[in-house]
Amino acid sequence: LMVLCWSQHPKDRPSASQIVSIASAPEFIHLSDVMSLKHQAVVEATTSAPITHITEDGLSGSELWLMCANSRVDLLLAADRGWLQYHTMTLAIRPTAACTVGGTIWIGDFAGRVHAYSVTDGYKVFSYSLENEGNTAVEAFLYLPMLKRVACTLSNGRLFLLNSDSLPKTPTAAEGTFVMTELGSNSVITCMCYLNKDEEKLCELWCGQSEAQISIYTIKDQGVIAHENLNHYQPVIHNIQVKKLVSDGTAVWSYIHPGCIVYQWDPKMRSIVNKLDCSKLVPCSESLKSIAIEEHLSPTNCQVTSLAVLNGELYIGTTWGCIIIAEKLTLRPITIFRPYEEEVRAIVPLSRLKTANDRQDFTPLLATIGRGYRNLLTRYTDVSVSVTSAVQSPVSSHNSFVSSKQNMFVLLWRAEHWNTT
């Protein structure tokens, strides 16, 4: 913005009203950095892991793992100042799911296998096959730290609890040592979240299924002591599916596909307490030349593609490339903006650990992934702004990289004080 204001050509300088509009946009205040991946493959799964002592002065941060459809894993190192490093690994698998388990990253693939890699050096820790059928994919992972287990669901409807403290002794059929329990399921589970009840030493595993059903497994002392089913609708509606489930430990939020509504559940009452209709929200930080609301603000474009909760806010990504930020306790919208041309593929809160060298609480960071970055300046001015990054991938050529709108873009956000924008 300052460079544009200093332009030698008066027609390129923004007007006072344009400067006010740009400077008051949520992206101007909260967007920390932009990174374009060096390929156009879709990001299939994401997770993050805390990293300490990045530099000699004890700088801490987080490493974002992006599992891509072209069998690449892109690793981006983030700190308060922005993206610091960009590395790439090539894996001979087609990734479908991922989660962080202690100091390892677990990756599921299309063949029902689990692969674990070390966070610090990328070394392969183990591979294990959960299913002999080659066309059975890992649908989702969920780490349950209280139980020292990892919930893993397959595309054929099977649901396992895996031991996170013990490595498999064989590449398959390690029941009793690695595969601790198989929980029954009558349909495919697409998403999971959990609640801990510390006073009762219970863990509730919430599983999203077809026909808007949620299965809840209550686990105590490593065993299932109760199982019940909830449904978003009565009577039951067919040909719909619970696609997203997230929890902060006290409440649960869900999304039904197809649809535009996010639901908030009261786990104690087993009832829906709030709803947010994403089709009723219009993005801010747009000029008359950058948006055509009548054409694009339709139910198809307002379907939810990603969901995350961090601190006091719920983050929602849509098919139109919008990010909606709402108060998690009331689902009251705080702001909505559209940084992507296409759908928001993922929203990832970045895990971080406080070290002795951190003199104050660090800023919470959040990463979003999508195709086609919409630069804030180009929405208000006629000057084209190219997206470049000082952080280069080791596998890229030494020539200057020209970013394409078809690439996946990873945006780093400072996830606090949204009410001030």
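Scoring rules and cut-offs
Per chain, residues are indexed from 1 in the order of the written sequence. Only residues with pLDDT of at least 70 get local features here, since the model is predicted, and only at 80 or more are side-chain atom pairs given and counted; chain-wide, interface and lining totals rely on the full set of residues. For side-chain calculations, the full set of non-hydrogen atoms in the structure is used, while hydrogens and water are omitted. Salt bridge, as used here: a side-chain nitrogen of Lys or Arg that lies within 4 Å of a carboxyl oxygen of Asp or Glu. Here a Phe, Tyr or Trp ring, Trp counted by its six-membered ring, pairs with any other such ring whose centre lies within 6.5 Å, and the pair is stacked when the planes are under 30 degrees apart, edge-to-face when over 60, and tilted otherwise. Strands are runs of DSSP state E lasting at least two residues, helices are runs of H or I lasting at least four, and both sets are numbered from the N terminus onward. Burial classes follow relative accessibility: with a 1.4 Å probe on protein chains only, a residue under 20% of its type's maximum area counts as buried, one over 50% as exposed, and anything between as partly exposed. Criterion for a charge above a ring: Lys NZ or Arg CZ within 6 Å of the ring centre, and within 35 degrees of the ring normal. Only strands that DSSP links by at least two bridges are regarded as paired with each other. The definition of a polar contact used here is a pair of N or O atoms within 3.5 Å, where within protein one atom must be able to donate a hydrogen and the other to accept one, and adjacent residues in sequence count solely through side-chain atom pairs.

> Tell me about the pattern of salt bridges, and name the residues and values.
Counted by the stated rule, this structure contains 19 salt bridges. The network of salt bridges with common partners includes Glu27, Glu286, Arg374 and Arg379.

> How would you sum up the packing of aromatic side chains? Please name residues and give values.
Under the counting rule described, the total for this entry stands at twelve aromatic pairs. Ring geometry for tryptophan 106 versus phenylalanine 141: centroids 6.3 Å apart, planes at 80 degrees, classification edge-to-face. Highlighted residues: tryptophan 106 in strand E7 (residues 104-109) and phenylalanine 141 in strand E10 (residues 138-144), separated in sequence by 35 residues. Between tyrosine 128 and phenylalanine 178, the ring centres sit 5.0 Å apart and the planes meet at 65 degrees, which makes this aromatic pair edge-to-face. Of this pair, tyrosine 128 sits in strand E9 (residues 124-129) while phenylalanine 178 sits in the loop between strand E12 (159-163) and strand E13 (179-183); the two residues are 50 residues apart in sequence, bridging distant segments of the chain. Per residue, the accessibility class of tyrosine 128 equals that of phenylalanine 178, and both read buried. Each member of the aromatic cluster is reached from another via a ring pair, and the members are Trp106, Phe126, Tyr128, Phe141 and Phe178. Of note, arginine 94 hangs over the ring of phenylalanine 110, and the distance from its end group to the ring centre comes to 3.9 Å.

> Residues and numbers for the pairing of strand E22 (residues 304-310), please.
Of all seven residues that make up E22, seven are buried, and the element is covered over most of its length. For E22 and strand E23 (residues 313-318), the ladder comprises six bridges, and the chain directions are antiparallel. Within E23, the residue paired with leucine 307 across the bridge is isoleucine 316. With antiparallel pairing between neighbouring strands as the criterion, E22 and E23 make up a hairpin whose turn holds two residues, including asparagine 311 at a positive phi of roughly 55 degrees.

> Let's hear about the pairing of strand E8 (residues 113-118): which residues, and what values?
Across the six residues that make up E8, a large majority, five, are buried. Pairing analysis gives five bridges linking E7 to E8, with the strands arranged antiparallel. By the bridge assignment for E8, glycine 108 is matched with valine 114. Taking the residues that link successive antiparallel strands as the turn, the E7-E8 hairpin has three residues, and the phi of glycine 112 there is positive, at about 75 degrees. With five bridges joining them, E8 and E9 adopt antiparallel strand pairing. Counterpart to tyrosine 117 in the pairing with E9 is lysine 124. Connecting the antiparallel pair E8 and E9 is a turn made up of five residues, with glycine 122 showing a positive phi of about 75 degrees.

> Explain the environment of threonine 88 to me, using residue names and the numbers behind them.
Summarising the element assignment, threonine 88 is placed in strand E5 (residues 82-90). Judged by relative accessible area, threonine 88 falls into the buried class, the value being 18%. Separated by 13 residues in the primary sequence, threonine 88 and leucine 75 have C-alpha atoms spaced 5.9 Å apart. Among the polar contacts listed, one links the side chain of threonine 88 to the side chain of aspartate 74, at a separation of 2.9 Å.

> Tell me what's going on with unusual backbone geometry, and back it up with residues and numbers.
Of note, the bond from glutamine 234 into proline 235 is cis; its omega dihedral lies within 30 degrees of zero at 0 degrees. Inspection of the secondary structure puts proline 235 in the loop between strand E17 (223-231) and strand E18 (241-247). Geometrically, the link from histidine 257 to proline 258 is a cis peptide bond, its omega value of -5 degrees lying close to zero. With respect to the helices and strands, the residue proline 258 is situated in the loop between strand E19 (252-257) and strand E20 (261-266). One non-glycine residue with positive phi stands out, namely serine 285, at about 50 degrees. Along the chain, the position of serine 285 falls in the loop between strand E21 (271-277) and helix H4 (293-296). According to the relative accessible area criterion, serine 285 is buried, its value standing at 8%.

These values are about where atoms sit, not about what they do.
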